[in-house]
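Next come the chains, spelled out residue by residue.
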Amino acid sequence: MATIKYPEVWDLDVFFEGGSESLAFHQFLNDLPIKVENVVTQVQALTVEVSASELRNVLNQFTNVLMEISHAGGMLSCLTAQNTKDKTALLLQGQLSTISASFAPAILRLQQLLSAIDDARFNELLASQEINEFTFILTEWREQAKQKLSEQEESLISALGVDGYSSWGQLYNMFIGDIKVEVDVEGENKLLSVGQANNLSSHPNEEVRKNAFEALEKVFTEKEEFFAKTLNHLAGYRLTSYKKRGWDEVLQEPLQINRMKQETLDAMWGAIADNKAPFVKFLETKAQMLGKEKMDWYNFDAPVTSLATTVSYQEGAQFILKHFGKFGAQLEAFARKAFEDGWIEAEDRDNKRPGGFCTGLPLANESRIFMTYSGTMSNVSTLAHELGHAFHTYALCPMNPLNRRYAMNVAETASTFAEMIVADAAVEEAQATEDKIALLEDKIQRSVAFFMNIHARFLFETRFYEERKRGIVSTKRLNELMEEAQREAFAGALGEAHPHFWASKMHFYITGVPFYNFPYTFGYLFSLSIYAKAKEEGSAFEEKYMALLRDTAIMTVEDLAMKHLGEDITKRDFWEKGIKLCVRDVETFIQLVSKEG
Ligand SMILES: [Zn+2]
């Protein structure tokens, strides 16, 4: 049988031929503002007397524009990623963000209108055939609006937020982008960006890792007042708007965005806090392997063995298809189509953006995956991860676009799931013990990141916001809070801490979503327990899995888990099951390492 060669460069011409120079694409973007204006006008004309069919009609148009905006957004993410020097694409991106911003009042107005409709009338609308499928989202919008201030006040808050809130996040990015870090790399003095210096954390030479870490701490110490001011003001804006709305708890908004209960969050962290011992053991073992007593911050990413095996793109694709196929026919067929039809940009060449992502192009019902494939097993995992995202989008196709808008905590479900299939298979199939150890280590590092590093971020952020309510938090105090959180989250396994992590981690400065941390851990453990079920039930599980994915944007996570997994995620038991799977990896790792030694 002749092997098929899958393309390594994606096909964007099927959407708009000629990329950023496509006249059709320019026309598409030029036509958008008038469509947006149209919808905004129609939404503004609605009254509490609206009939079900009128509302449906406006919602349909609202959705159409939303799809066009996200289609254009998908195209532009692809264009700007495949060539960072594509100036036209960058200009078009600016054009699109102005268009998106002018759409925001339509959403706000729609929410306010729904909250103004009385209960009886609202329930009547939901019961109608036209509106019924939007019960969850419309109820959510209505509840959100009820917890907010008047339309005028909320408009004022978001208008002032352009300069008083999101600009702090942009200023942070400017600071970081401007910083140069001087690092001694094996006798050579290098002037690096923060990203480049961070990348040295996995350098095989400890001296280099330590130099990079110390250089970063030094730079952030010198500039700490800038960062402290930025963080304090950003948080201050957020807290003031919460206070005006009468929201006492800083977690109210992030929990609401992620459609989850406080009890669920407490159960998750509680289970993690009680099960740190095996991961402490792992970190101690790793420290010993590196000839150290304790795990210092700069040694977390240190390679313990060198993984010799390289995998060509074609081999990687075959590996993924083979193991996806063991899980389910639909996942395999879907991935095969993605490989064959040029949905993936994998080529290793200049001017590509770093990292990987998956974006949807909803008008075509297709997705595109971006990454740079250089032949490592971790590249294969990334590819599987992004294919998982694309599969989630595919599973949601039968749903109305308004019912496809899932939150961050379930966004990583399908991706982590697909990545687990491949990561597990790689460990199983590895021939050399060295390879097995390296692959397992890679898997366990993820657990350490989600259970310890992200736990530290969560502890820091909640405590910082509590103190910020009483006034500006000093730089000294920020460092203390960070180090305390790290010591606690790593449960005594940490040697040298990273007190300026609050300044170096961009996630604390994201204004689009508050608390950019716990949803990651949620998604990881949630996905693991689905994966465990899939292994138990075999290929018959795929139908159930797809049904779960289809429901990810129309119910709370508690309801989702109860309906599709029969699990009560407000209880620790559920979370402990997922953690146990990760503990098993640690046990195997320690066994293998002690045999080796
Ligand atoms: Zn992802």
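Before any of the text, the structure's been laid out above.
Everything numeric in this text was worked out from a predicted model, so none of it was measured.

A. Local environment of the overall build of the protein. The helix and strand inventory of the protein stands at 25 helices and five strands. For 597 residues, the compact-globule estimate of 2.2 N^0.38 gives 25 Å, and the C-alpha radius of gyration of the protein, at 25 Å, lies within 12% of that figure. In terms of overall dimensions, the protein has a C-alpha envelope of 75 × 70 × 50 Å along the principal axes. Relative to its 597 residues, the protein shows a buried fraction of 54%. Long-range contacts, defined as pairs at least 24 residues apart, comprise 75% of the intrachain contacts of the protein with a sequence gap of at least 6. For the protein, the accessible area works out to roughly 26100 Å², and carbon and sulfur atoms hold 51% of it.

B. The arrangement of the coordination of the zinc ion in detail. Within the protein, the atoms that donate to the zinc ion are His385 (NE2), His389 (NE2), Glu412 (OE) and Glu412 (OE), at distances of 2.1 to 2.6 Å. Here the donor residues of the zinc ion share one chain and are spaced in sequence as H-x3-H-x22-E. Taken together, the residues span about one helical turn, with histidine 385 and histidine 389 both in helix H16 (residues 377-395) at a distance of four residues. By the burial criterion, histidine 385 is buried, and histidine 389 matches it.

C. Structural detail: the packing of helix H14 (residues 313-327) against helix H15 (residues 329-340). Their axes nearest at 7 Å, the elements H14 and H15 cross at an angle of 160 degrees. Relative to H15, the element H14 lies roughly antiparallel. Taken as a pair, H14 and H15 cross one another with a handedness that is left-handed. Seen from H14, the contacting residues are Tyr313, Ala317, Ile320, Leu321, Phe324, Gly325 and Phe327; seen from H15, they are Leu331, Glu332, Ala335, Arg336 and Phe339. When grouped by side-chain class, the residues that make up the contact of H14 with H15 number nine nonpolar, one polar and two charged.

D. Up close: the environment of serine 155. Counting through the fold element by element, serine 155 comes out in helix H6 (residues 151-164). Under the relative-accessibility criterion, serine 155 is labelled partly exposed at 31%.

E. Layout of the state of the cysteines. As enumerated under the stated definition, the model contains zero disulfides in all. Unpaired in terms of disulfides, cysteine 358 finds its nearest cysteine sulfur in cysteine 78, a separation of 9.0 Å.

F. Broad picture of the side chain of threonine 285. Looking at where threonine 285 falls in the secondary structure, it is placed in helix H13 (residues 277-289). Judged by its relative accessible area of 11%, threonine 285 is buried. The contacts of threonine 285, once residues within four sequence positions are left out, are Phe589, Ile590 and Val593.

G. Seen up close, unusual backbone geometry. Of note, the phi angle at asparagine 351 is positive, near 70 degrees, even though the residue is not glycine. For alanine 491, which is not a glycine, the phi torsion comes out positive at approximately 45 degrees. Considering the arrangement of structural elements, one finds alanine 491 in the loop between helix H20 (475-489) and helix H21 (501-504). Judged by relative accessible area, alanine 491 falls into the partly exposed class, the value being 37%.

H. A look at the sheet that holds strand S3 (residues 344-345). With mixed pairing, the three strands of this open sheet are ordered in space as S3-S5-S4. The sheet is open, and its two edges are formed by S3 and strand S4 (357-361), each paired on a single side. Pairing between S4 and strand S5 (residues 366-370): five bridges, direction antiparallel. In the strand pairing of S5, glycine 360 is matched with serine 367. Packed onto the sheet, helix H2 (residues 52-82) meets S4 and S5 and runs at close to 140 degrees relative to S4. H16 contacts S3, S4 and S5 of the sheet and is inclined by roughly 165 degrees relative to S5.

What counts and how
- Residues numbered from 1 in each chain as written.
- Predicted model: local features only at pLDDT ≥ 70, side-chain atom pairs only at ≥ 80, totals over all residues.
- Heavy atoms only, no water.
- Helix = DSSP H or I, 4+ residues; strand = E, 2+ residues; numbered from the N terminus.
- Rg over C-alpha atoms; globule rule 2.2 N^0.38 Å.
- Buried < 20%, exposed > 50% of the residue type's maximum accessible area, 1.4 Å probe, protein only.
- Contact = heavy atoms within 4.5 Å.
- Areas by Shrake-Rupley, 256 points an atom, 1.4 Å probe, with all protein chains shown as cover.
- Donors = N, O, S within 2.8 Å, 3.2 Å for Na, K, Ca; no water.
- Axes fitted to C-alpha atoms, helices over the stretch in contact; angles between N-to-C directions.
- Parallel < 35°, antiparallel > 145°, perpendicular 65-115°, else oblique.
- Left-handed = near helix turned anticlockwise from the far one by under 90°.
- Nonpolar A, V, L, I, M, F, W, Y, C, P; charged D, E, K, R; others polar.
- Disulfide = S-S within 2.5 Å.
- Pairing = 2+ DSSP bridges.

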